[in-house]
Each structure stands twice: as structure tokens, then as C-alpha cells.
Amino acid sequence: MRALIGLWRWRRNPLRRATDLAEAWVALVALVLVTVAAPVLGSLVGVVAQDSLQRSVQEQRHSRHLVTATVVRRLGGAPMEADPDTGAAHDTRSRVLADWTAPDGARRHGPALARLKSPHRGDHFRLWTDGHGRITTRPLDSPTATTHAVLAGLGAALLTAGLVESGRRLIVWRMVRRRYARWDQAWDRAGPDWGKAGTGS
């Protein structure tokens, strides 16, 4: 908004100072950067993030495996925990001791989170592991990756616009300070003769 007000200083006016014109140029450059450069930069960041995240999706799909585990026993006194993959409070998992077979054929045994409200010995549940059977998180899916990329692009555009506006304000602030300093100098020079007859003759 202030950039648009700055552009108003382009109008012809006999009282327009050089600094007013300079402020108008600064406002024009800032407006162009905010309306053109920020969206372009945001789009580029979004495209790069989308590329990178979709590659991660493909890599995780190939490196993470869904295996079936068997409950050995519920871990004593362990309360149910929210599923870290979904973050939903109602989608809870219980901590259990379980056995499973890794994708490479190795037998695995250890604590795990089972999506079972009341797990009993012999119950089966699914969990994500890497190629060696180590428990890992669910692989990133394509829509979630796209959402993250869009947010990254939007964030980059907003950050660019904020930096441009901050730069414009800083430049104008310095111009105003310089203008006030010149006024103070002019008043100091005129001060000793102020109000005397014949001043300026």
C-alpha cells in the first residue's frame, strides 16, 4: 500500500523535491519486485521442492516395506500413544514386543507400536521397515509431497515480498533522515539572522 502511495509522488507539482522523485522510483522498483519477482521466485522454489520431494517419494517407496509382525506381549504399563504417522489423537497405537521377518529374510524381534487397542499374544499387525527390517516411518505419499512443495513456494514468495518491503522501508527511512538532517542544517544557518531586518539582503 505504501508503495502505491509512493508512486503518487510521480505527479507534477512545483513543490516536488528530488527526494520525492527518488522515493517514487524506490516505490516503483519495490512494486515490480513484489508483483513479478516474488511470484517467480516462489514458483521456482515450489518446482525445485516438488522435484526433490517426489524423488524422495520414489526412493522411500523402494526402500521401505510393509511387513506383518506378531505380538509377543504387550509392554508392561506402557500407555497407548498417538500414531506418529497420522498425528490423530483417536488413531492410537500400543507399545508391544513383536517378531517380524525383514524383507531380506532376517528374523527381527523388538519393541514396536501396534495399531491394536488391546493387543494379545499372537495378534498380527503391519509395520513399516527398511530393507534390513529396522522399523521406520510410513513412506511419504505424493499428495503430501505436493502440499509441502506448494507451501515451500508460497513461503518463498511471501519471504521475498517481505524482504523487498523491508528494504524499501529502510531506504525511505534513510532518505527521510537525510532530509531532516539537511533541514536542521538549513535552520542552523538561518537561525542567527532569523527575524532581523534585512535578512537575506
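Everything quoted here is computed from the prediction, not taken from an experiment. (Residues numbered from 1 in each chain as written. Predicted model: local features only at pLDDT ≥ 70, side-chain atom pairs only at ≥ 80, totals over all residues. Heavy atoms only, no water.)

Student: Could you give an account of the overall build of the protein chain, naming the residues involved and the relevant values?
Tutor: When helices and strands are counted, the protein chain shows 3 helices and 5 strands. The buried share among the 201 residues of the protein chain stands at 29%. Sequence-distant contacts in the protein chain: of pairs separated by 6 or more residues, those separated by 24 or more amount to 62%. Put simply, the protein chain shows about 13400 Å² of open surface, and 61% of that area lies on carbon and sulfur atoms. (Helix = DSSP H or I, 4+ residues; strand = E, 2+ residues; numbered from the N terminus. Buried < 20%, exposed > 50% of the residue type's maximum accessible area, 1.4 Å probe, protein only. Contact = heavy atoms within 4.5 Å. Areas by Shrake-Rupley, 256 points an atom, 1.4 Å probe, with all protein chains shown as cover.)

Student: Before we move on, could you go through helix H3 (residues 142-190) and cite the residues and values that matter?
Tutor: Compared with the 72 Å implied by 1.5 Å per residue over 49 residues, the 72 Å span of H3 between its first and last C-alpha is a close match. The complete set of buried residues in H3 reads Ala145, Ala149, Gly153, Ala156, Ala157, Thr160, Val164, Arg168, Val172, Met175 and Arg179. (Expected span 1.5 Å × (residues − 1).)

Student: Describe a nonpolar patch on the surface, and please don't skip the residues or the numbers.
Tutor: A contiguous nonpolar patch, built from Val32, Val36, Val40, Leu41 and Leu44 and spanning about 420 Å² of accessible area, is present on the exposed surface. In this fold, Leu44 is placed in helix H2 (residues 18-63). On the basis of relative accessible area, Leu44 is assigned to the exposed category, the value being 51%. (Patch = residues over 30% accessible without salt bridge, like charges linked within 9 Å, V, L, I, M, F, W, Y side chains within 5 Å. Salt bridge = Lys/Arg side-chain N within 4 Å of Asp/Glu carboxyl O.)

Student: Account for the side chain of Ser94, with residues named and values stated.
Tutor: With respect to the helices and strands, Ser94 occurs in strand S3 (residues 92-101). Among the polar contacts listed, one links the side chain of Ser94 to the backbone oxygen of Leu116, at a separation of 2.7 Å. (Polar contact = N/O pair within 3.5 Å; in protein donor to acceptor, adjacent residues only side chain to side chain.)

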